[in-house]
Amino acid sequence: MPIEPGLIGYAALASLTLGMKKHRPTPPLPLMPSPQSARLLGWLLIACAAVIAILRFGPALGIVAWIGQLCLGGAALVLLLSWRPRVALLLAAPALGLALVSAMA
């Protein structure tokens, strides 16, 4: 089963997390976007994950796979945010890169 929608969903939810003042790290992360651009990027990545899931699995199963993988990515993000918040946010970039690499293959 392709995991690109889940990885993109993780990056999207981490980006939406950066858009909230409560979860922004006090010493800023390198190349941290503004809250408005982080929220916009998060919503665009969620839409991108939906499109990729629909293209990979078809319309009916793609929506179900997208929601399921988005839930798994969100659960992983929540667990990492409660344990190591900076690591959880820093893992968004490698997750997105890994999704793009595996989508190309």
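Look up: the structure comes first, before these words.
Quick question: what am I supposed to make of the overall build of the chain here?
A count of helices and strands for the chain gives five helices and zero strands. Based on the C-alpha atoms only, the size of the chain along its principal axes is roughly 40 × 25 × 25 Å. Relative to its full complement of 105 residues, the chain shows a buried share of 38%.

How should the packing of aromatic side chains be read in this particular structure?
For any two aromatic rings, the description comes down to two numbers: the centre-to-centre distance and the angle of the planes. Summed over the entire model, instances satisfying the criterion amount to zero aromatic pairs. Here the guanidinium or amino end of Arg-84 rests over the ring plane of Trp-83, the centre of that ring lying 4.9 Å away.

When you look at helix H3 (residues 59-83) in this model, what are you seeing that I'm missing?
For the α-helix, the turn length of 3.6 residues means that residues three or four positions removed from each other point alike. In a regular helix each residue adds 1.5 Å, so 25 residues correspond to 36 Å; H3 covers 36 Å between its end C-alpha atoms and thus fits that length. Listed in full, the buried residues belonging to H3 are Gly-62, Ala-65, Gln-69, Leu-70, Gly-73, Gly-74, Leu-77, Leu-80 and Leu-81. Those residues of H3 hidden inside the fold are in contact with helix H1 (4-18), helix H2 (35-57) and helix H4 (85-90).

Can you help me understand the packing of H1 against H3 in this one?
When two helices pack together, their arrangement is given by the angle between the helix axes and by the axis-to-axis distance. Orientation of H1 relative to H3, taken along the N-to-C sense of each, is 50°, at an axis distance of 8 Å. Accordingly, the angle class assigned to the pair H1 and H3 is oblique. Every pair of crossing elements has a handedness; the one defined by H1 and H3 is right-handed. Each of Pro-5, Gly-6, Gly-9, Tyr-10, Leu-13, Ala-14 and Thr-17 in H1 lies in contact with H3, whose residues at this interface are Gln-69, Leu-70, Gly-73, Gly-74, Ala-76, Leu-77, Leu-80 and Leu-81. Split by residue class, the contact of H1 with H3 holds nine nonpolar, six polar and no charged.

Quick notes on the rules
- Residues numbered from 1 in each chain as written.
- Predicted model: local features only at pLDDT ≥ 70, side-chain atom pairs only at ≥ 80, totals over all residues.
- Heavy atoms only, no water.
- Helix = DSSP H or I, 4+ residues; strand = E, 2+ residues; numbered from the N terminus.
- Buried < 20%, exposed > 50% of the residue type's maximum accessible area, 1.4 Å probe, protein only.
- Phe/Tyr/Trp six-rings, centres within 6.5 Å; stacked < 30°, edge-to-face > 60°.
- Lys NZ or Arg CZ within 6 Å of the ring centre and 35° of its normal.
- Expected span 1.5 Å × (residues − 1).
- Contact = heavy atoms within 4.5 Å.
- Axes fitted to C-alpha atoms, helices over the stretch in contact; angles between N-to-C directions.
- Parallel < 35°, antiparallel > 145°, perpendicular 65-115°, else oblique.
- Left-handed = near helix turned anticlockwise from the far one by under 90°.
- Nonpolar A, V, L, I, M, F, W, Y, C, P; charged D, E, K, R; others polar.

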